[in-house]
Amino acid sequence: MKQYLETGKIVNTHALQGAVKIQPWSDDPAFLKKLKRVYIDGQEYRVVSASIQKSFVLMKFEGIETVEAAMRFRNKIVYIDREDIHLPEGRYFVQDIIGLTVHDLRGDRDIGTLQEVMNLPAGDIYLVKNGNAEYMIPANPVFVKNIDLDTGVITVETIGGMTGDE
């Protein structure tokens, strides 16, 4: 597992005091508000303040005092250290589950590997691929029964038609 995880992208500056505007790559922008430090281009930056504006996070870094200084961060990816975050039981970083084998209890067979987690308004969808076949499985407990990072297996229970069969 990666030590440093992508958590968003700086899309612009904000105001004149050197704050940046981050497009978060998490379930909830408030997740980024709790951070005390982030990493950009391998360098640590201490977070002085953070707030939410619509679906973005406005963040101010220690030592970045002007809009000109903040401009150099535009289009940069923001990383977090895995050790700074404690996820609740049953929650996972998307980067940790991509590539896991997906096993379907219905039919007791592997149906492919998780290629992408699509964040849609109605909820997350797991995109599973097996060769040219693609399956979309809602990421909720009705279908996703277990995620085991140690064995590298996501156990699901699909319904007829979901995986191209009846």
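In this text, all values refer to a predicted model and were calculated from it rather than measured experimentally.

Draft legend 1. Representation of the environment of Ile64 in the model. Considering the arrangement of structural elements, one finds Ile64 in the loop between strand E5 (56-61) and helix H2 (67-71). A relative accessible area of 4% places Ile64 in the buried class. Considered as a pair, Ile64 and Gly18 are 46 residues apart in the sequence and their alpha carbons are 5.4 Å apart. If sequence neighbours within four positions are ignored, Ile64 has contacts with Gln17, Gly18, Ala69, Ala70, Arg72 and Phe73.

Draft legend 2. Inspection of the sheet that holds strand E10 (residues 133-138) at higher detail. Taking strand neighbours across the sheet as the criterion, the six strands line up as E10-E9-E8-E7-E12-E11 in an open arrangement whose pairing is mixed. Bordering the open sheet on either side are E10 and strand E11 (144-148), each of which pairs with just one other strand. Recorded for the sheet is a direction-independent mean angle of 35 degrees between the axes of neighbouring strands.

Draft legend 3. Spotlight on the nonpolar core. One finds Ile10, Val20, Ile22, Val38, Met59, Phe61 and Phe73 to be the most contacted residues of the largest nonpolar core, which totals 20 residues. Going through the elements one at a time, strand E1 (4-14), strand E2 (19-24), strand E3 (37-40), strand E4 (43-53), E5 and strand E6 (77-81) are the ones with two or more residues in this core. Per element, the largest residue contribution to this core is three residues, and it comes from E5. Those residues in contact with Ile10 that sit more than four places away from it in its chain are Val20, Lys21, Ile22, Ile40, Phe61, Phe73, Arg74, Asn75, Lys76 and Val78. By size, the runner-up hydrophobic cluster in this structure holds 16 residues, among which are Val102, Ile111, Ile154 and Val156.

Draft legend 4. The packing of aromatic side chains, seen in detail. Here the structure, examined in full by the defined rule, presents four aromatic pairs. Between Tyr4 and Tyr39, the aromatic rings sit 4.9 Å apart at their centres with planes inclined by 65 degrees, giving edge-to-face as the arrangement. Of this pair, Tyr4 sits in strand E1 while Tyr39 sits in strand E3, placing them 35 residues apart in sequence. Taking the relative accessible area as the measure of exposure, Tyr4 reaches 39% and is therefore partly exposed.

Draft legend 5. Summary view of the side chain of Thr13. Position of Thr13 among the secondary structure elements: in strand E1. Of the residues examined, Thr13 reaches a relative accessible area of 16% and is grouped as buried. Excluding residues within four positions of it along the chain, Thr13 makes contact with Ala19, Val20, Lys21, Val67, Ala70 and Met71.

Draft legend 6. Broad picture of the side chain of His103. Position of His103 among the secondary structure elements: in strand E7 (residues 101-104). Here the side chain of His103 touches Asp110 through a polar contact of 2.7 Å, side chain to side chain. Look past the residues within four positions of His103 in its chain and what remains in contact with it is Asp108, Arg109, Asp110, Val153, Ile154, Thr155 and Val156.

Draft legend 7. Broad picture of the pairing of strand E9 (residues 123-130). For strand E8 (residues 109-120) and E9, the ladder comprises seven bridges, and the chain directions are antiparallel. Residue Asn119 lies in a different strand from E9, and its bridge partner there is Asp124. The hairpin turn running from E8 into E9, its antiparallel successor, is two residues long. Inspection of the sheet shows E9 paired to E10 by six bridges, in the antiparallel sense.

Calculation criteria
- Residues numbered from 1 in each chain as written.
- Predicted model: local features only at pLDDT ≥ 70, side-chain atom pairs only at ≥ 80, totals over all residues.
- Heavy atoms only, no water.
- Helix = DSSP H or I, 4+ residues; strand = E, 2+ residues; numbered from the N terminus.
- Buried < 20%, exposed > 50% of the residue type's maximum accessible area, 1.4 Å probe, protein only.
- Contact = heavy atoms within 4.5 Å.
- Pairing = 2+ DSSP bridges.
- Axes fitted to C-alpha atoms, helices over the stretch in contact; angles between N-to-C directions.
- Core = buried A, V, L, I, M, F, W, Y, C linked by side-chain atoms within 4.5 Å.
- Phe/Tyr/Trp six-rings, centres within 6.5 Å; stacked < 30°, edge-to-face > 60°.
- Polar contact = N/O pair within 3.5 Å; in protein donor to acceptor, adjacent residues only side chain to side chain.

This is a description of form; function is not addressed.
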